[in-house]
Structure formats: structure tokens, C-alpha cells
Amino acid sequence: MIGIIGAMDEEVAKVKEQMSDVEIKTIAGMDFYKGTMCHKETVVVRSGIGKVNAAVCSQILADQYHVTAIINTGIAGSLRNEINIGDVVLSTDALHHDMDASGFGYPVGQIPSMDVLSFPADKHLLEVAQSCYEKAVPGIGVHTGRIVSGDQFISDKQKKQWLTDTFDGYCTEMEGAAIAQAAYLNNIPCLIIRAISDKADDSAEMDYAEFEAAAIRNSVKLLTAMIQELP
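Please read these numbers as outputs of a predicted model, since none were measured by experiment.

**Focus on the overall build of the chain**
- Scanning the chain from N- to C-terminus turns up six helices and 10 strands.
- The globule rule puts the C-alpha radius of gyration for 231 residues at 17 Å, and the 16 Å found for the chain is close to it.
- Along the first, second and third principal axes, the C-alpha set of the chain runs to 50 × 40 × 30 Å.
- Looking at the 231 residues of the chain, the share that counts as buried comes to 56%.
- About 10,100 Å² of surface is accessible on the chain, with carbon and sulfur atoms providing 49% of the total.
- Computed over 18 positive and 32 negative side-chain charges, the inter-centroid distance for the chain is 3 Å.

Next up, the structure:
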């Protein structure tokens, strides 16, 4: 069974439209929609915004639904000039940009006692996503790189530059690293798909509402194409 997580109602609504034979179960205030999508067993859930919500949601998928893969779909802010609004970023890995235990000798971003700085995406899921993007979102830029997460909406140019310089991030959002960490701890393959809704700078307030819907459509199109290809 494939688990699909979105942070907001708008993100999961388009996914649910593709499902049939749906059963709904509410756990920890989250509605889990279990059914079939592209003839594959799938469970779709809105985690809510923020890393704690995302981590709780991921653990429920592991414990209650025994998912064999987790895909996180949603929107993000670009951290690079070449990544434009409407483009899609596929994760190679994800980390917590707001984790700072440097006072104990850890690099900024690393969780104490964890054996990795960032949490890697599953190579097979990434390959499937890369192979699907041309037919799913033709004409849209698709980029592969690190996603950085924190409990902050980034709308400041200096903060954006710091995220790029410190972590070599491609985009920033508020859930992916928590989902990737939970998947890593549970040995579940994971991939984050983020469509760019803003440039994560002083223009964020202006761009966000205008481009959110288009960004969500792009990520869901790619997700649907992926589900069709997965075993």
C-alpha cells in the first residue's frame, strides 16, 4: 500500500478525486482515505502544516496501514534562481534547517545522535518520478535536489540566502524532512514532490495565493503518473 501525505486540504483534494472504493478513518484528528488509485492500494491523508503533524501522520501510516512507500506531495518556496514558480522539485534528501545543536558540536541541521545529517529519498521512487515527468507535466521544469524543512514560512531574502549557502537547498517547506525522518526510522521508501508556489523571498506574499493552485495541479499530475508506474 502506498501512503500519500499532503499538508493542506487543497493538496489532498485533487488526489482524492482520483480514488475509488474509499474508506475513511480518523486517527489523531487526521482523516485517512484508504482506497484504490490507478488500481493500486493507496491511503491519502492531510497531515496538517508543520513538522510535528507530519511526523505523527507518517508514524500512523507505518503502524496502522503498514505502507510500503510514502510520497509527500505539496508546494514549496524556491531557493534557486533557476527554479521558477510552477516548477517541480524531487527530493534527493531532506533535512531540518531549524535544528541547531551546534553548541554540542553537531553541524547545523543535524539531529543529535542521528547517524545522518539528512534523510535520503528512495532511489527507485526518484527514478520513477524522473521518468514520468515529461508525460505528466510537459513544459514544466523538474529539478532534483535537497529539500530543507522548518516550522517557518520563508519570505525573507537573507534567510533564503542562508538556507542556500548553508545547506545547498533547492526549495523550502514545513513538513518534508519530518516525513523523510519517520520513513528513514521505519525503513520505508520515501520521496518528496514539491511544486513551487513562491520564490521564498520578499515576493512570497504576493505570489503565494496566485500560484498555489497551479503548483498543486503540477505535483498531483506527476504523482498520478507515478502511481500508475509503481508495482
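Having seen it, we continue.
**Re helix α4 (residues 157–167)**
- When we look at burial in α4, the residues that qualify are Lys160, Leu163, Thr164 and Phe167. Angular distribution of buried residues about the axis of α4 spans 105°; they occupy a single face of the element. Residues of α4 that are exposed and angled more than 90 degrees away from the buried face: Gln158 and Asp165.
- Each element contacted by the buried residues of α4 is listed here: β5 (69–78), β6 (88–96), β8 (142–149) and β9 (171–173).

**Observations concerning the pairing of β6**
- For β6, a buried count of eight out of nine residues is recorded, marking the element as mostly surrounded by other parts of the structure.
- The pairing of β6 with β8 spans eight bridges and is classified as parallel. What sits directly across from leucine 95, in β8, is valine 148.
- Of the pairings in the sheet, the one linking β6 to strand β7 (residues 119–120) comprises two bridges and is antiparallel in character. Note that in β7 the partner of aspartate 93 across the bridge is proline 120.

**Topic: the nonpolar core**
- Counting residues in each nonpolar core, the largest one holds 35 residues, and the members touching the most others are Ile4, Ile71, Leu90, Leu191, Ile193, Met226 and Ile227.
- Contributions of two or more residues to this core are made by β1 (2–6), α1 (9–16), β5, β6, α3 (123–136), β10 (190–198) and α6 (204–229).
- In this structure, isoleucine 227 is in contact with Ile2, Ile4, Met37, Cys38, Lys40 and Ile71, ignoring residues within four places of it in sequence.
- Within the second largest apolar cluster, 20 residues are counted, among which are Ile60, Ile179, Ile188 and Cys190.

Rules used throughout
- Residues numbered from 1 in each chain as written.
- Predicted model: local features only at pLDDT ≥ 70, side-chain atom pairs only at ≥ 80, totals over all residues.
- Heavy atoms only, no water.
- Helix = DSSP H or I, 4+ residues; strand = E, 2+ residues; numbered from the N terminus.
- Rg over C-alpha atoms; globule rule 2.2 N^0.38 Å.
- Buried < 20%, exposed > 50% of the residue type's maximum accessible area, 1.4 Å probe, protein only.
- Areas by Shrake-Rupley, 256 points an atom, 1.4 Å probe, with all protein chains shown as cover.
- Lys, Arg positive; Asp, Glu negative; His and termini not counted.
- Charge placed at Lys NZ, Arg CZ, Asp CG, Glu CD.
- Arc of directions from axis to C-beta.
- Contact = heavy atoms within 4.5 Å.
- Pairing = 2+ DSSP bridges.
- Core = buried A, V, L, I, M, F, W, Y, C linked by side-chain atoms within 4.5 Å.

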